[in-house]
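# Structure at a glance
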Amino acid sequence: MVLSVKGQVLKNEPVQPGIYEMTIAAPQIAEQAAPGQFVMVRPIYRSFEPFLNRPFGISDIDTIRGTINILYIVVGKGTDLMSEMQVGDDVFLIGPVGNGFTVAPEGKKVALVAGGMGIAPLLPLAKTLQDKGVITYGLMGASKATALVGMDSWREAGVQVQIATDDGSVGAKGFVTALLEDLLKEETIDYIYCCGPTPMMARTVEIAGKYGVPIEVSLEKRMGCGIGVCMGCICKLKQADGSVKQYRVCYDGPVFRGEEVVFDD
């Protein structure tokens, strides 16, 4: 069930230059949320400034405390307002929205492939997988050291972490997809989960197909309503008969089978 609720900010702090993590008390959403789902956020409760809510992947779910976390980069008016919010401020939320990841069963080996802020929905997934006894490799790519977030959370969850940066400031120099291909040459991976920039996800799907590994991707699109009404977040999926049909990322996704997604729009 998608809820419209008032949450309360418990933490709102920078974790890297221009990147913030916000913890929100929202027990009803935390109780229902699953890895891969997201929330629509308006930073000022009972206000239409900004007019449209903003979508953010849920980066942590704590049902005991009744909280959710989101990660965001300050890039415009809405996120600038969010960065100014203080502990105790109210925030308007719609969620949890969308369909989450399929959780691999116990004993399987999986790879999480994240690019930049794409790590957000993969953080609660990592915890869920570890709780179920799934062997988990976390492959993270970013442009530079100051663009890396979430590594500590992955490590605390027991994920085996590898990092690649474009400039080589942390980990291997190059793309995270190279780490994935190296891993698949050495290990039998049963499932891949991916979120990040479109070119990175497209390449990850290509590599998964080469090695015959099922993959789910979490798509990121600009959204107006977040509940499937405005049709503003369309993607295209390949059908079994070879045709291509349109789907709504917010309502039908944001998680899709990677081999079905048309990335070259």
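Below, the structure is looked at part by part. Predicted model only: the values in this text are computed from it and were never measured.

Next up on the list: the side chain of Ser 59. In this fold, Ser 59 is placed in strand β4 (residues 54-62). Judged by its relative accessible area of 4%, Ser 59 falls in the buried class. Beyond its immediate sequence surroundings of up to four residues, Ser 59 is in contact with Asn 69, Ile 70, Leu 71, Ala 120, Leu 123 and Pro 124.

Its volume calculated, the largest pocket comes out at about 980 Å³. Along the wall of the largest pocket there are 34 residues; nearest its centre are Pro 55, Phe 56, Met 117, Glu 220 and Lys 221. Where the lining of the largest pocket is concerned, the elements lending two or more residues are β4, β5 (67-73) and α2 (77-83). Of the residues contributing to the lining of the largest pocket, the split by class is 16 nonpolar, 13 polar and 5 charged. If you add up the space inside the second largest pocket, you get close to 410 Å³. Only β1 (3-16), β4, β5, α3 (122-131) and α4 (151-156) provide two or more residues apiece to the lining of the second largest pocket.

Let us look at the pairing of strand β2 (residues 19-25). Burial runs high along β2: 6 of the 7 residues are buried. Where β1 and β2 come together, 7 bridges link them in antiparallel fashion. Bridged to Gln 8 within β2 is Ala 25. Following β1, the chain reverses through 2 residues before pairing antiparallel with β2; Gly 18 in that reversal takes a positive phi of roughly 80°. Note: β2 against β5, 7 bridges, orientation antiparallel. For Glu 21, the partnering residue across the bridge sits in β5 and is Leu 71.

So, how was this worked out
- Residues numbered from 1 in each chain as written.
- Predicted model: local features only at pLDDT ≥ 70, side-chain atom pairs only at ≥ 80, totals over all residues.
- Heavy atoms only, no water.
- Helix = DSSP H or I, 4+ residues; strand = E, 2+ residues; numbered from the N terminus.
- Buried < 20%, exposed > 50% of the residue type's maximum accessible area, 1.4 Å probe, protein only.
- Contact = heavy atoms within 4.5 Å.
- 1 Å grid on protein atoms, 1.4 Å probe; cavity = no way out; pocket = protein on both sides within 12 Å on 5 of 7 lines; lining within 4 Å.
- Points joined across faces, edges and corners; volume = space filled by probe spheres on them.
- Nonpolar A, V, L, I, M, F, W, Y, C, P; charged D, E, K, R; others polar.
- Pairing = 2+ DSSP bridges.

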